Amino acid sequence: MTKKFTLFIVLLFCSVGFALAQEITITGQVKDQQGLPIPGVSVKVKGTQFGASTETNGTYKLKALPNAVLTFSFVGFKTIEENVNNRTTINTTLSEDNNQLNEVVVIGYGTTTKKDLTTSVVSVSAKDLENQPITNPLQAIQGRAAGVQVSSQSGKPGAGISISIRGNTSITASNSPLYVIDGVTSRDASFINANDIESMTILKDASAAAIYGSSGANGVVLITTKTGSAGKLQVAFNAFTGFSNFWQKQDVLNSDQYRALMTEMGYTSFGGNSNTDWQKETFGTGTQNQYQVSLSGGVKGGQYYFSSGYQQDKGVVSPAKLDRYTVNFNGSQNITSWLKLTGNAVLTSSNSIDVGDNSSVSRGGVILGALTTPPTIGIFEPNGQYTTIPNAGGWDNPLALAFGSDNRNRNFRFIGAFGAQVNFTKDLYFKSTISTNSNKNFYRYATDNFLTTYGRQERGVYRDNRTNENVWLNENILNYTKNFGKNLFTATGGYTLQSSDWKYNNNERTRFFDTSGNPIAPSVALTIPQRAQWSKQSYLARISYSYDNKYLFSSNFRADGSSRFAKENRFGYFPSVSAGWRISAEEFMKDSKTINDLKIRGSWGKVGNDEGIGDYAYMKLYGINAQGEYNLQNPANDALSWEKTTQTNIGLDLTMFNNRVTFTADAYLKKTNDLLINVQLPPSSGFGSQAYNVGSMENKGLEFVLSTKNFDREKFQWTTDLNFSINRNKVTDLGATTQSLNFASLYERDDAVRVVAGRPLGSFYGYVFTGVNPTNGAAQYADLNGNGVTGSADPDDRTFIGSAQPKFIYGITNNFTYGNWGLNVFFQGVQGNQLFNASRIDLEGMFDSKNQSAAVLDRWTTPGQITNIPKALRASSENSLTSSRFVENASYLRLKTATLSYSFGASALEKLKMSKVTLFATGYNLLTFTKYSGLDPEVNVNSANGPSMGVDYGTYPQSRSFLFGVNVGF
């Protein structure tokens, strides 16, 4: 066996040496139809991994066999092939290609062309990410990808976002997609610098995502970062600066109006004689600055890309701020004709200062505090302490909440991968990659014993926590591609191992001073370090086949083993199949002058989910109590298994009128069974909740994408892209023992959201508000059970009062080009959804001494008065129960971005000895059309893709930004 292997290696090296001995050096230049050189054109030796890219002057140089075929390709131009035929100089001209069907699309563990897709996939390019004041690149997907709903959690610098791909599939398990960044898997991609991204591809249907098995249960977002090209060193510099503010404020009571209300409620003191505009004091002007420089190029047999960037976002509400530094590297090197090494790394270091939002003023919400703090008080007391709300037991003003404590977060992220690819033949290669994803986070909170009420009560507070998570992944992929005649066959097989180690430590100290203000040894809270680990083992396979470019077929299979389940249920099996028929390639369509391409496709697939239940949910778990004793907290559940989602998709792709109109339509049905739900156990058991496989859910929808080239002249071009999506979500079963689940808790009120079978997630539940009793001014609620009792005295009168699920979402992009000028206008909208405006409970409740919205000027005050605002009712929540009164239409249409740019022409660039100079001005969130009365119809106090969606409770709104910047290249 050893001799045979040695002989194989000798023969392999001999064949490589023989091939190299026969190669010739080829040079040339690539130009466009106007005779101008085109830099960055990919020149490849067909059937191999070898090639080069043209330099700034359009020239290239490479080695190939005398009988080889060279392929010339560049985005926006038609790909052509040239037979070498022993030539050493090959010059060529590329013509513009308006057909997007030849665009290369990244799919799981490979690539394909758009025209050969049989699954539902959508891509967002680097152009969609340019010139935007976003700290999270995933914000650029919003409104640009059909079937993908993106919502901002908050407008704070560095705040997270929620992404739902074709609706929510789980209740308590994760609904977020998997991100694959240059082959490295991650549950987050917010730390990537948007300027480093070449494309983002979203795998929407189960057939496309099944190659990732359980990790792809909620869809997959493939992020490809920029790479270098062989040839001359290229340097790029991008920078912008700008400012931001809130696009609207809310009317609240002035000092006189506030005193009148307080007098009516029986208060005798009002805090002072000031007339402070707390929104003016709290809401300022934010600033954004971003700088990035990149170097790219290539050496013999290799390419590299390196970038470094800095971004600062100072929030509209001080002192909120994010400082982020990023470094990105991507490179590859051909060691021999059969061995290629690849490596990539992303490092991100960020520091942020937080201000509290997403809560009522009594619990520290700065946003709501700016609206409800009485105008009668100033910022500081004479002794230098922050003022407190009168008659409220020590609630501080919003500036105290913002500046009275030190609230910081430091984060370091690193993802990196190293791989080796062995080309056994031109058709067969093996690639092995090992990657790591490291996340280190440190949070610190501190307040003193003087400035704030809380600090004085606790005599100083200090808290911190550290989180360290490391995930490593080893992937081994074998790929075989064979073309014979009209047949194209591709087979992929692989084996992967993945493991995670998570650690958490926290500290808390209080009582730094005694009651006289003298320093003492602080009181240290008892905390226990936490640690959790999980691992996965997977097998994957894919077979793709096409005949005559007309009949397309693909099938995936993945087996995932997860440590989160007992041995008998550890493995889940996730198959998929898809097929397509290019009707336009048939003989009866060849003479069509209208249709350029017509394809129908269908797919079916199954994926799984093991997220959101903890890493040891199936095990018998014990906890330590304050006495040091071990108590059983989680009974064993060996039957716990995978949450499973199957999806069927039917699609149509159509291109017409000389590629000037492109239309895509998809219809899907997605069903999830064996939902992983934390079920409340009977009180008699002595336990709280535990994870079980209970119930099912369904999503079904339609998606449409239309792209048109409205004008295509020499000096003027106008294109339009429109996408429109409909999704209907419904919980179909919660099992025999669980009738309902409540979510979205409100301070001193009933939960706002209830999950039951037959209704969608995000269904609001409460009393039906029917108006104000003109006789006594009390809020009236519908007596749905007819027992003559209403309001909080009869909780059975509660019912479903609205839904956070939209009827449809859409996006419209128009691109105009006139000479060197460009204008991009992008609208994004959500229609038919509702928000539970819990902020209005504090703003219109009139139950304590907080300031109120100007809406309460119409409150009931005298018998016989007709109004929708109940009377003031001190120390009672009866007039402000969780009810339909606070459910609002949250539909909106937003001018998300408008960018005006000017790019210097070829003659000017030649004089400047530069390859690119573009000046731009961008407006972000410029206009918002909505009936919602709150500060922002998009934000959510809870995750927008979970069961608690659709509640606004003092949430930091998104800002309107104006930017000015430059992109240059050398």
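Scroll up to find the structure.
What you see is a predicted model; the values in this text were computed from it and never measured. Each chain has its residues counted from 1, running along the sequence as written. Local features are withheld for residues below a pLDDT of 70 in this predicted model, meaning they are given only at 70 or higher, and side-chain atom pairs are given and counted only at 80 or more; totals for whole chains, interfaces and linings count all residues. To get the side-chain values, all heavy atoms of the structure are used, and hydrogens and water are removed first.

Hey, could you go over the overall build of the protein for me, with residue numbers and the actual values?
Helix and strand counts for the protein stand at nine helices and 52 strands. For the protein, the spread of C-alpha atoms along the principal axes amounts to about 100 × 65 × 65 Å. Looking at the protein residue by residue over its 970 residues, the buried ones come to 52%. Only heavy atoms matter for contacts: two residues are in contact if any of them lie within 4.5 Å across the pair. When contacts within the protein are restricted to residue pairs at least 6 apart in sequence, long-range pairs at least 24 apart make up 68% of them. Per-residue and other accessible areas follow the Shrake-Rupley method at a 1.4 Å probe size, with only the shown protein chains counted as cover for residues. Carbon and sulfur atoms form 54% of the exposed surface of the protein, whose accessible area is close to 41700 Å². Within this scheme the basic residues Lys and Arg register as positive and the acidic residues Asp and Glu register as negative, but His and the chain ends are omitted. Just so you know, the charge point we use is NZ for Lys, CZ for Arg, CG for Asp and CD for Glu. One finds the centroid of the 87 positive side-chain charges in the protein at a distance of 7 Å from the centroid of its 76 negative side-chain charges. Helix numbering and strand numbering both begin at the N terminus, where a helix is a DSSP run of H or I of at least 4 residues and a strand a DSSP run of E of at least 2. When a residue's accessible area, from a 1.4 Å probe over protein chains only, is under 20% of the maximum for its type it is buried; when over 50% it is exposed; and in between it is partly exposed.

So, the sheet that holds strand β6 (residues 80-83): which residues are in play, and what are the values?
DSSP calls a pair of strands paired once it identifies at least 2 bridges connecting them. Within the open sheet, the four strands sit side by side as β3-β2-β5-β6. Their pairing is antiparallel. The sheet is open, and its two borders are formed by β3 (51-53) and β6, each paired with just one other strand. Strand after strand, the sheet turns through a mean of 20 degrees between neighbouring axes, direction not considered. Alignment of strand β2 (residues 42-45) against β3, held across three bridges, turns out to be antiparallel. By the bridge assignment for β3, Val43 is matched with Ala52. Only C-alpha atoms enter the line fits that serve as axes; for helices the fit covers just the stretch in contact. Angles between N-to-C directions range over 0 to 180 degrees.

Tell me about the environment of Val966, residues and numbers included.
With respect to the helices and strands, Val966 occurs in strand β52 (residues 959-969). In this structure the C-alpha to C-alpha distance between Val966 and Phe920, which are 46 residues apart in sequence, comes to 6.2 Å. Among all residues touching Val966, those that are not within four sequence positions of it are Phe237, Asn238, Ala239, Thr918, Leu919 and Phe920.

Describe the pattern of salt bridges, listing the residues and the values that go with them.
Salt bridge, as applied in this entry: a Lys or Arg side-chain nitrogen positioned within 4 Å of an Asp or Glu carboxyl oxygen. Across all of its chains, the model carries 38 salt bridges by this definition. Glu703 serves as the salt-bridge partner of Arg166, at 2.8 Å between the closest nitrogen and oxygen. In this pair, Arg166 sits in the loop between β12 (161-165) and β13 (178-181) while Glu703 sits in strand β37 (residues 696-712), placing the two residues 537 residues apart along the sequence. A residue is classified by how much of its surface remains accessible, and Arg166, at 1% relative accessible area, is buried. Between Lys590 and Glu587 there is a salt bridge, and its shortest N-O distance comes to 3.6 Å. For Lys590, a relative accessible area of 47% gives the class partly exposed. On the basis of relative accessibility, which here comes to 63%, the residue Glu587 falls in the exposed class. Residues participating in the shared-partner salt-bridge network are Arg187, Lys536, Arg564, Asp610, Glu611 and Asp615.

Give me the lowdown on the nonpolar core, citing residues and values where you can.
Side-chain atoms within 4.5 Å link the members of a nonpolar core, which is a set of buried Ala, Val, Leu, Ile, Met, Phe, Trp, Tyr and Cys residues. Ile171, Ile677, Leu746, Val755, Phe836 and Val951 are the most contacted members of the largest nonpolar core, which has 32 residues in total. Secondary structure elements with two or more residues in this core: α5 (366-372), β35 (676-680), β39 (741-743), β40 (753-755) and α8 (839-844). Other than its neighbours up to four places away in sequence, Ile171 contacts Leu675, Ile677, Met697, Leu734, Leu741, Phe743, Val755, Leu761 and Pro947. Counting residues in each nonpolar core, the second largest holds 28 residues, with Ile161, Phe191, Val346 and Ile415 among its members.

Summarise a nonpolar patch on the surface; cite the residues concerned and give the values.
Surface patches are defined over residues having more than 30% relative accessible area and no salt bridge, joining like charges when they lie within 9 Å and nonpolar side chains (Val, Leu, Ile, Met, Phe, Trp, Tyr) when within 5 Å. A cluster of nonpolar side chains, namely Tyr545, Tyr547, Tyr551, Phe553, Val577, Trp581, Phe588, Ile600 and Trp604, defines an oily patch on the protein surface of about 800 Å² accessible area. Contributing elements (two or more residues each) for the nonpolar patch: β27 (530-547), β28 (551-562), β29 (571-582) and β30 (595-609). Within the secondary structure, Phe553 is located in strand β28.

Please provide a residue-by-residue account of the pairing of strand β19 (residues 302-314), values included.
Where strand β18 (residues 286-299) lies against β19, 13 bridges are found, and the strand directions are antiparallel. Across the sheet, Thr287 pairs through a bridge with Lys314, a residue of β19. Between β18 and β19, which pair antiparallel in sequence order, lie two residues; one of them, Gly301, sits at a positive phi of approximately 80 degrees. In this structure, β19 lies alongside strand β20 (residues 321-334), joined through 13 bridges in antiparallel fashion.

Can you lay out empty space enclosed by the protein for me, pointing to particular residues and giving the numbers?
In this analysis the probe radius is 1.4 Å and the grid spacing 1 Å, with only protein atoms considered; a cavity is a set of points the probe fits into but cannot get out of, a pocket is an open set with protein on both sides within 12 Å along at least five of seven lines, and lining residues have an atom within 4 Å of a point. Grid points are joined across faces, edges and corners, and a volume is the space filled by probe spheres set on the points. The final tally for this structure, using the stated rule, is eight cavities of 30 Å³ or more. Roughly 430 Å³ of volume is contained in the largest cavity. Along the walls of the largest cavity sit 35 residues, with Gln149, Ser151, Ala804, Gln805 and Pro806 positioned nearest its centre. Among the secondary structure elements, those contributing two or more residues to the lining of the largest cavity are β11 (148-152), β12, β37, β38 (716-733), β45 (808-818) and β47 (834-837). Approximately 280 Å³ is the volume found for the second largest cavity. As for the second largest cavity, its lining consists of 26 residues, and the residues nearest its centre are Gln139, Gly155, Lys156, Asp313 and Ser959. Where the lining of the second largest cavity is concerned, the elements lending two or more residues are β19, β50 (916-930) and β52. Partitioned by chemical class, the residues of the lining of the second largest cavity number eight nonpolar, 15 polar and three charged. Only Asp, Glu, Lys and Arg are considered charged in this grouping, and only Ala, Val, Leu, Ile, Met, Phe, Trp, Tyr, Cys and Pro are considered nonpolar; every other residue, Gly among them, is considered polar.

Got a sec to walk through unusual backbone geometry? Specific residues and values, please.
With an omega of 5 degrees, the peptide bond running from Ser318 to Pro319 counts as cis. Structurally, Pro319 can be placed in the loop between β19 and β20. Phi at Arg166 takes a positive value of approximately 55 degrees, unusual for a residue other than glycine. We note that Phe657 has phi near 50 degrees; this positive angle belongs to a residue other than glycine. On the secondary structure map, Phe657 appears in the loop between β33 (643-656) and β34 (661-673). According to the relative accessible area criterion, Phe657 is partly exposed, its value standing at 45%.

So what's going on with the sheet that holds strand β4 (residues 59-64)? Residues and values would help.
Sheet architecture is open: three strands sit in the order β4-β1-β7, paired in mixed fashion. This sheet does not close on itself; its edge strands, each paired only once, are β4 and β7 (92-93). Two elements, strand β1 (residues 24-31) and β4, share six bridges in a ladder whose sense is antiparallel. For Gly28, the partnering residue across the bridge sits in β4 and is Tyr60.

Pulling in residues and values, what's your account of the packing of aromatic side chains?
The aromatic pairing rule takes the rings of Phe, Tyr and Trp, using the six-membered ring of Trp, and pairs them if the centres are within 6.5 Å, calling planes under 30 degrees apart stacked, those over 60 edge-to-face and the rest tilted. On inspection of all chains with the given rule, the structure shows 28 aromatic pairs. With a centroid separation of 6.0 Å and an interplanar angle of 5 degrees, the aromatic rings of Trp502 and Tyr504 are classed as stacked. The class of Trp502 is partly exposed, set by a relative accessible area of 26%. Joined through ring pairs, the aromatic side chains of Phe663, Phe704, Phe724, Phe808 and Tyr810 make up one cluster. Sitting over a ring, as applied to charges here, requires NZ of Lys or CZ of Arg to be within 6 Å of the ring centre and within 35 degrees of the ring normal. Stacked on the ring of Tyr892, the Lys or Arg Arg894 has its end atom at 5.2 Å from the ring centre.

Go over the side chain of Asp952, please, and point to the residues and values.
Within the secondary structure, Asp952 is located in strand β51 (residues 951-952). The buried charged residue Asp952 lacks any salt bridge partner; its closest oppositely charged side chain belongs to Arg840, at an N-O distance of 9.9 Å. If sequence neighbours within four positions are ignored, Asp952 has contacts with Leu835, Phe836, Asn837, Ala838, Ser839, Tyr932 and Asp936.

So what's going on with the side chain of Arg542? Which residues, and what values?
Within the element layout of this structure, Arg542 appears in strand β27. The buried charged residue Arg542 lacks any salt bridge, with Asp205 as its nearest oppositely charged partner at 11 Å. When neighbours within four sequence positions are excluded, Arg542 is seen to be in contact with Ile107, Gly108, Tyr109, Gly110, Ile211, Thr490, Ala491, Thr492, Ser554, Ser555 and Asn556.

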